[in-house]
Amino acid sequence: MSRDASQHGRDRVDGSDDAPDWLPYSFSIVGAQKSGTSTLSTALDRHPQVARAPRKELQFFTREDMDWSRPDYSGYRAPRRKPQHLIAGDATPAYLFWP
């Protein structure tokens, strides 16, 4: 774990200084088509403290191969690409329609 990571309570994935550390997703952008979700996602992506998801519409919560009675959220995270990234968000409008 790097000194910076230990000072901020962040763990490196494999304990090395050159591996990225990860942020759990803190928010989701949901909504109907043509309701501004892409615009909101773009605006948040430009914020210096928000880590962008690897791609828009991760579809994590729409996965049918997940045991939702005992879900494993360990993979629901984004890489911290810059030291100033504090939160990460998922923009998947389809969550609006998924139970």
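Residues numbered from 1 in each chain as written. Predicted model: local features only at pLDDT ≥ 70, side-chain atom pairs only at ≥ 80, totals over all residues. Heavy atoms only, no water.

## Focus: the overall build of the chain
For the chain, the count of helices and strands is two helices and four strands. Element order for the chain, N to C, with α for helix and β for strand: α-β-α-β-β-β. The buried share among the 99 residues of the chain stands at 31%. Taking contacts inside the chain between residues at least 6 apart in sequence as the whole, the part at least 24 apart equals 67%. When the accessible surface of the chain is totalled, it reaches about 6,700 Å², and 52% of it is carbon and sulfur. (Helix = DSSP H or I, 4+ residues; strand = E, 2+ residues; numbered from the N terminus. Buried < 20%, exposed > 50% of the residue type's maximum accessible area, 1.4 Å probe, protein only. Contact = heavy atoms within 4.5 Å. Areas by Shrake-Rupley, 256 points an atom, 1.4 Å probe, with all protein chains shown as cover.)

## Observations concerning the nonpolar core
Residues L23, Y25, A51, A53, L58, F60, M66, Y76, A78, A88 and Y95 constitute the largest nonpolar core, which totals eleven residues. Ignoring sequence-local partners within four residues, the contact set of F60 consists of M66, W68, D72, Y73, Y76 and Y95. (Core = buried A, V, L, I, M, F, W, Y, C linked by side-chain atoms within 4.5 Å.)

## Focus on unusual backbone geometry
One non-glycine residue, K34, adopts positive backbone phi at about 60°. Judged by its relative accessible area of 85%, K34 falls in the exposed class. Positive phi values are uncommon outside glycine, yet Q59 reaches one of about 60°. A relative accessible area of 26% places Q59 in the partly exposed class.

These figures come from the coordinates and say nothing about function on their own.
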